[in-house]
Amino acid sequence: WLNLDFFVALLSSSGRKHQGSFTDVELSQLHQVSLHFKLEFPEQTFPLAHIQSELLTAFKFHQPKPSKLQRDVAAAFSRIGWDHTFEFVTEEGFSIDMAQPKNMIAIEVDGPYHYIKCTDKYIENGRTQFKSRVLRQLGWLIIHIPYFEWAVLTDAATQDAYLQSKTKGE
């Protein structure tokens, strides 16, 4: 976003010409753009601010679908006494797998679709990186539980120790 003026002009003209023709997916994506814009350029007015509630509604429309992995990790957190809200939705519309909202601690259980495999290591994909970046900018501490780390924990004792080490000091 090196040329803010170009970006603002592009969004402004797009919003005027096509406001009624955006799909829900496009509105949802524009909501994420608006969050990033507000956090990166707080002194600027987002060009599509006039449809902000429509953007948020489209973003929140997508209901979370918890995986077995998420449910297993949540059960293990309950087992170690780490109180949390399962599938917490922030006021900005982000669904967090598990959260302690008062402490602004987010647990993200990251399955295979959160990663790109490069030779012998895993790298978070762009979508996961973007969500983490925005949540951090909003003040959340994010703890990631990668599926490939969880998969090698073969019993409750090792799972509990792993989660305690991940949340140590939180």
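In short, a report on the structure. (Residues numbered from 1 in each chain as written. Predicted model: local features only at pLDDT ≥ 70, side-chain atom pairs only at ≥ 80, totals over all residues. Heavy atoms only, no water.)

This part takes up helix α5 (residues 126-137). In a regular helix each residue adds 1.5 Å, so twelve residues correspond to 16 Å; α5 covers 16 Å between its end C-alpha atoms and thus fits that length. By the burial criterion, the buried members of α5 are Thr128, Lys131, Ser132, Val134 and Leu135. For α5, the arc enclosing every buried residue in end-on projection is 165°, short of the 170-degree limit, so these residues lie on one face. Residues of α5 that are buried make contact with α2 (24-40), β2 (95-100), β3 (105-110), β5 (121-124) and β6 (141-146). Gly139, located one to two residues past α5, shows a positive phi value of around 105°. (Helix = DSSP H or I, 4+ residues; strand = E, 2+ residues; numbered from the N terminus. Expected span 1.5 Å × (residues − 1). Buried < 20%, exposed > 50% of the residue type's maximum accessible area, 1.4 Å probe, protein only. Arc of directions from axis to C-beta. Contact = heavy atoms within 4.5 Å.)

A full pass over the atoms with the stated rule returns five salt bridges. Among the salt bridges present, the one from Glu108 reaches Lys131, with a minimum N-O distance of 3.1 Å. With a gap of 23 residues between them, Glu108 in strand β3 and Lys131 in helix α5 connect regions that are remote in the sequence. Residue Lys131 is classed as buried on the basis of its relative accessible area of 19%. (Salt bridge = Lys/Arg side-chain N within 4 Å of Asp/Glu carboxyl O.)

The strand order across the open sheet built from four strands is β1-β2-β3-β6, with neighbouring strands paired in mixed fashion. Pairing within the sheet leaves two strands with one partner each, and these edge strands are β1 (85-89) and β6. Put simply, the sheet's adjacent strands are angled 40° from each other on average, direction ignored. As defined by bridge partners, β1 adjoins β2 across four bridges and the pair is classed as antiparallel. (Pairing = 2+ DSSP bridges. Axes fitted to C-alpha atoms, helices over the stretch in contact; angles between N-to-C directions.)

The next point concerns the packing of aromatic side chains. Using the criterion set out here, one finds twelve aromatic pairs in the structure. Judged by centre distance (5.1 Å) and plane angle (70°), the ring pair of Tyr115 and Phe148 falls under edge-to-face. Here Phe148 lies in helix α6 (residues 147-150) and Tyr115 lies in strand β4 (residues 115-118), a separation of 33 residues in the sequence. Here Phe148 falls in the partly exposed class, since its relative accessible area comes to 26%. (Phe/Tyr/Trp six-rings, centres within 6.5 Å; stacked < 30°, edge-to-face > 60°.)

Moving on: unusual backbone geometry. In this structure, Met104 takes a positive phi of about 55° despite not being glycine. Mapped onto the elements, Met104 comes out in the loop between β2 and β3. You will see that Thr119, though not glycine, has its phi angle at about 45°, which is positive. The exposed category is assigned to Thr119, whose relative accessible area is 74%.

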